Structure formats: C-alpha cells, structure tokens
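Secondary and tertiary structure notes
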Amino acid sequence: MKMDLGKIFDLEGESLVVEDVVDLSSVKLSSGIKPFAQPVPVKAVAQNRAGVVTLSLSVSFTLRVPCDRCLEVFEQSYSLTPEHTVVRELHGEDTGEYVVTPDAVVDLDELVLTDVVLELPMVMLCKQDCKGLCSRCGANLNHGACGCKQETGDPRLAVLKQLLEQ
Ligand SMILES: [Zn+2]
Ligand SMILES: [Zn+2]
C-alpha cells in the first residue's frame, strides 16, 4: 500500500493514521524457507512535528520456521515499533536513517519488509535452551534422552568438574 504524505509535509501538526495488512508470504529466507505464515497487520502513524515528518509503525508478525538446532518447526510472535524520519530530499550523506521520497509517497509494504527483515534473529531456536539433536542417533533430545552413551569429553576437565562440585 502507498501512503501519500503530501498533506503531512505541507502542514505542521498534521497527522495521518493508516492501518494495513502486508502480505509477506512470498518472502524467503536464505535457507529457502518462507517464514511468514500469516498476513502481517501494520499500523502507520505519520506526523509533522515542527516541520519534521516522522512515520511510526506498529508491526506484529508470527514466524513459522524450523529450529536451527533440533529442526522442529515452531512459531514465534514478534511486535516491532520502528520509527522513521521521512524527507523529500536528502541533505548530506545517506546514512540509511531517513526514508527519502521526492513525491512524498511512501511504499508501506516495502518499508515494513525492510524493518521486519532487519529484526529477524540470526539464529532461530525453538527455545533458548533447546537441547538439539543427538550427534550419534539424531534423536531430538528435547523429547528425552536417547540412550546413546554420552561423550565424557576431556578426562582432565572431568576431574576439574568433580573438584568444583565438591
Ligand atoms: Zn529446537
Ligand atoms: Zn542418541
């Protein structure tokens, strides 16, 4: 959806609220997975405060992805409230902090996509302490021990561990 901020730029104190649903279902991660199972509701508030136009977004989305450690598919919900300063032309260097739009029109879908992708975690875990898969039999260790003999590791470390436990 396009948001025309022409009026906002012209009038100090003016504001505009837009609610939209952005479809990110075709967005793919580098792994080839499409994580956005549901449409993404967005609320956008544009405001001219003392001549500076800001665009505040509220975005809620649910990711549906396989866990990087145990490979089980899980869902996690996020809420973001990114804020942008919108300018019609850039004075100085493009540091990426401004949304530049000569015709005062902002493409909300594009902006939301950029904001959401920036927030995606590098590592997606079903839970912080996910135990992952057994390196021997491949069992999901979150569901219980698999019965494989655990690696004992370095015997010197085992001695140290014993000492620490006493
Ligand atoms: Zn997991
Ligand atoms: Zn095992």
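Now for a quick tour of the structure. (Residues numbered from 1 in each chain as written. Chains lettered and ligands numbered in written order. Predicted model: local features only at pLDDT ≥ 70, side-chain atom pairs only at ≥ 80, totals over all residues. Heavy atoms only, no water.)

**Digging into the coordination of the zinc ion (ligand 2)**
- Looking at the zinc ion (ligand 2), one finds its protein donor set to be Cys134 (SG), Cys137 (SG), Cys146 (SG) and Cys148 (SG), positioned 2.2 to 2.3 Å from the metal centre.
- Coordination at the zinc ion (ligand 2) comes from four donor atoms whose angles at the metal span 106 to 112°, giving a geometry best classed as tetrahedral.
- Each donor residue of the zinc ion (ligand 2) lies on one chain, and together they are spaced C-x2-C-x8-C-x1-C. Remark: Cys148 occurs in the loop between α2 (108-119) and α3 (155-165) and Cys137 occurs in the loop between α2 and α3; sequence separation between them is 11 residues. (Donors = N, O, S within 2.8 Å, 3.2 Å for Na, K, Ca; no water. Tetrahedral: all angles 85-135°; square planar, octahedral: opposite > 155°, others 65-115°. Helix = DSSP H or I, 4+ residues; strand = E, 2+ residues; numbered from the N terminus.)

**Focus on the environment of Phe61**
- By the element assignment, Phe61 lies in strand β4 (residues 52-66).
- A relative accessible area of 3% places Phe61 in the buried class.
- It is 9.0 Å that separates the C-alpha atoms of Phe61 and Ala37, two residues lying 24 residues apart in sequence.
- Aside from chain neighbours lying at most four places away, what touches Phe61 is Phe36, Val40, Gln76, Ser77, Tyr78, Leu80, Val116 and Leu120. (Buried < 20%, exposed > 50% of the residue type's maximum accessible area, 1.4 Å probe, protein only. Contact = heavy atoms within 4.5 Å.)

**A closer look at the pattern of salt bridges**
- A complete count under the given rule lists three salt bridges for this structure.
- As a salt-bridge pair, Glu75 and Arg64 come within 3.4 Å of each other at their nearest N and O atoms. One end of the pair, Glu75, is in strand β5 (residues 73-80); the other, Arg64, is in strand β4, and 11 residues separate them in sequence.
- Residue class for Glu75 comes out partly exposed when judged on its relative accessible area of 44%. (Salt bridge = Lys/Arg side-chain N within 4 Å of Asp/Glu carboxyl O.)

**Here we look at the coordination of the zinc ion (ligand 1)**
- Bound to the zinc ion (ligand 1) on the protein side are Cys67 (SG), Cys70 (SG), Cys126 (SG) and Cys130 (SG), at distances that span 2.3 to 2.4 Å.
- Each of the four donor atoms around the zinc ion (ligand 1) contributes to a set of angles spanning 105 to 114°, which defines the coordination as tetrahedral.
- In the primary sequence, the donor residues of the zinc ion (ligand 1) line up as C-x2-C-x55-C-x3-C. Here the residue Cys70 occupies a position in the loop between β4 and β5, and Cys130 occupies one in the loop between α2 and α3, the gap between them amounting to 60 residues. By the burial criterion, Cys70 is buried, and Cys130 matches it.

**Some words on the nonpolar core**
- Of all hydrophobic cores here, the largest spans 38 residues; its most connected members are Leu5, Phe36, Leu55, Leu57, Val59, Phe61 and Val116.
- Sorting the residues of this core by element identifies α1 (6-10), β2 (15-22), β3 (40-49), β4, β5 and α2 as the ones contributing at least two each.
- Top element by residues in this core is β4. It accounts for seven residues.
- The residues touching Leu55, leaving out its near neighbours within four places in the chain, are Met3, Ala44, Val45, Ala46, Pro82, Glu83, His84, Val86, Val106 and Leu111. (Core = buried A, V, L, I, M, F, W, Y, C linked by side-chain atoms within 4.5 Å.)

**Here we look at the pairing of strand β6 (residues 83-87)**
- Here β4 runs beside β6; their pairing, made up of four bridges, is antiparallel. In the strand pairing of β6, Leu55 is matched with His84.
- Examined bridge by bridge, β6 and strand β7 (residues 98-100) share three bridges and lie parallel to one another. Across the sheet, the residue bridging to Val87 is Val100, located in β7. (Pairing = 2+ DSSP bridges.)

**Focus: α2**
- The end-to-end C-alpha separation of α2 is 17 Å, in line with the 16 Å expected for 12 residues at 1.5 Å each.
- By the burial criterion, the buried members of α2 are Leu108, Leu111, Val112, Asp115 and Val116. Down the axis of α2, the smallest arc covering the buried residues is 125°, so these residues share one side. Facing away from the buried side of α2 by over 90 degrees, the exposed positions are Glu110 and Leu118.
- The N-cap of α2, judged by a side-chain oxygen 3.1 Å from the amide nitrogen of Asp109 a few residues on, is Asp107. (Expected span 1.5 Å × (residues − 1). Arc of directions from axis to C-beta. Polar contact = N/O pair within 3.5 Å; in protein donor to acceptor, adjacent residues only side chain to side chain.)

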